[in-house]
Amino acid sequence: METAKEQHVEPTDGELKEDIRTKEIASYFGYGFAQCISFGLIGTYILFFYTDILGISAAAASVIFLIARTWDAINDPMMASLMDTLKSKHGKFRPYLKYMPYLIVLSTIACFLPLDGLSMTAKLIYAGGTYILWGMVYTASDVPFWSLSSVMSQDTQQRTKLITFANMGVFTGIALSPTIFIPLTKWLGGGDTGQGYLFATIALMAIALPIMLNGFKNTKERVEPPKSKVKFSDGMRALKANKPMFAILVVFFCNVFMNITQALNIYFFTYNLGSASLMTMFGIISFASCIGFFIIPKLTKQYKKKHILMAIVAVDILVRIVWFSVGYGSVVVSLIFIGVTMLLYTSTGPLISGMLAETIEYTEYKTGKRNEAVVFSGQTFTGKLSVAVSGGATGLILTGINYQSNQAQSEFTMDMLFFVIALLPALGSLIRLIIMYFYSYTETEYKDIVEKLRVRKKYPQVYPQD
């Protein structure tokens, strides 16, 4: 029940405003960029590495992915709940940014060892073990990284800026893989594809490590958690209380449709457009699409994130319908449409993450506990799940459209491939549009809850924390 004090106490000037330095934002961006070099390598190339270099069957690889994602469903919330109970002299989340980069580097390299001379059984065990280990290490890095944005600032505009640059780091880190990884493997491998994969991974991880460590060095936690101690069991309680979080995670999971198209781009470029080398152009387009990140913070000063997201996905649906109507006869026209749809897609990232971050205060208001890690573990798990689902769906789609490797494709196969590339993501946009139409937890409700939480801290004797 709200008290009179809770209703009338106003925040003092500057309570929500923190001046986040450019250097700090750049360091936060850098951690996301460097970390996602690893995510991009695993998400883009691990299946090919398993099947074409280690000789593992696609079915066996799918089983590895299934086991890993099942374990993630159990492990990720548990790890996040534990993170929410700990705090050190470096803060609540920054300590993970200090130590996890070393494990990210080692586990990523371990995933791409050629394993020459081992039996197939040994390869399966090693591949499964290292992939699951990488997933656990990535969780222990990714959850604190995203959670850090919620304790660097509580001001909605500053937080949107942080999350925007974090998403920019994520997309540019992932985009680095299709741009330079394959040329690196050929240059460093000396004709041996397996060695090329290993040496290229080592080279990229050598670049990533110091950038991630700089992310720890130059960031700061400012938002103090409630005085009441967070227990491990509070994580499950937070999940049950946070209904807006689940709506946003469904919206985030719709990335699966774009993940499918990105996995199939190499086939579309090779057979429909006639050149696999267009993947390099796609990497450049992916980098260029990050310009949308600079627009989002300006838009959120005037419009609610919900309405901006609805407008973006509605435009995406229309653009894709037009693209499908035009066809893929022109390479230039196809690349233009790919560029526009990539720009729209990348622009949704900071909006979704920003709305997810705002549900942290919702949980704190409902439960009296602050569970940043639990909230962002949902994003980490959903992201890995969407990659795994898209990986399995890609194989099914290629089978369903009668794809035949290393030979000319039928007109039916190419038409269906174009349908998936151009039109399938419109389904994800439609789902997002429907969810956002009914979504009711916006900036207005968020600011109201932040004010009420501040009153609780000022008047604990009137409204106890727990």
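No experiment lies behind these values; they were computed from the predicted model shown. (Residues numbered from 1 in each chain as written. Predicted model: local features only at pLDDT ≥ 70, side-chain atom pairs only at ≥ 80, totals over all residues. Heavy atoms only, no water.)

Some words on unusual backbone geometry
Non-glycine residue Leu-115 carries a positive phi angle of around 60 degrees. Leu-115 gets classed as buried once you look at its relative accessible area, which sits at 11%. A positive phi angle is found at Asn-402, which is not glycine, with a value near 65 degrees. (Buried < 20%, exposed > 50% of the residue type's maximum accessible area, 1.4 Å probe, protein only.)

Some points on the side chain of Glu-443
Along the chain, Glu-443 turns up in helix H18 (residues 443-458). Classification of Glu-443 as buried rests on a relative accessible area of 10%. A polar contact is formed between the side chain of Glu-443 and the backbone nitrogen of Lys-305, at a distance of 3.0 Å. Among residues more than four places away in sequence, those in contact with Glu-443 are Thr-156, Tyr-303, Lys-304, Lys-305 and Glu-358. (Helix = DSSP H or I, 4+ residues; strand = E, 2+ residues; numbered from the N terminus. Polar contact = N/O pair within 3.5 Å; in protein donor to acceptor, adjacent residues only side chain to side chain. Contact = heavy atoms within 4.5 Å.)

A short note on the environment of Ala-61
By the element assignment, Ala-61 lies in helix H3 (residues 58-83). Judged by its relative accessible area of 0%, Ala-61 is buried. Between the C-alpha atoms of Ala-61 and Phe-48, which are 13 residues apart in sequence, the distance is 9.7 Å. Ignoring any residue separated from it by four or fewer positions in sequence, one finds Ala-61 in contact with Leu-47, Tyr-50 and Ile-56.

Let's talk about the packing of aromatic side chains
Counting across every chain of the model gives 31 aromatic pairs. Their ring planes at 70 degrees and their centres at 5.2 Å tell us that Phe-49 and Phe-112 sit as a pair that is edge-to-face. Separated by 63 residues along the polypeptide, Phe-49 in helix H2 (residues 22-53) and Phe-112 in the loop between helix H4 (94-111) and helix H5 (120-152) bring together distant segments of the chain. The burial state of Phe-49 is the same as that of Phe-112; both residues are buried. (Phe/Tyr/Trp six-rings, centres within 6.5 Å; stacked < 30°, edge-to-face > 60°.)

Description of the pattern of salt bridges
Counted by the stated rule, this structure contains 5 salt bridges. When the shortest N-O distance is used, the salt bridge between Lys-305 and Glu-443 registers 3.1 Å. Taken together, the positions of Lys-305 in helix H13 (residues 305-326) and Glu-443 in helix H18 put the pair 138 residues apart, joining distant regions of the chain. Of the two residues, Lys-305 and Glu-443, both sit in the buried class. Close ionic contact of Asp-316 with Arg-320 constitutes a salt bridge, the shortest N to O distance being 3.2 Å. In this pair, Asp-316 and Arg-320 both sit in helix H13, 4 residues apart, roughly one turn of the helix. Here the two residues Asp-316 and Arg-320 agree in accessibility, since each one is buried. Members of the salt-bridge network, linked through shared partners, are Lys-305, Glu-358 and Glu-443. (Salt bridge = Lys/Arg side-chain N within 4 Å of Asp/Glu carboxyl O.)

With respect to helix H16 (residues 411-422)
An ideal rise of 1.5 Å per residue puts 16 Å on 12 residues; H16 measures up with 16 Å between its terminal C-alpha atoms. For H16, every residue scored as buried is listed here: Thr-413, Met-414, Leu-417, Phe-418, Val-420, Ile-421 and Ala-422. Each element contacted by the buried residues of H16 is listed here: helix H10 (255-272), H13, helix H15 (372-400) and helix H17 (424-438). (Expected span 1.5 Å × (residues − 1).)

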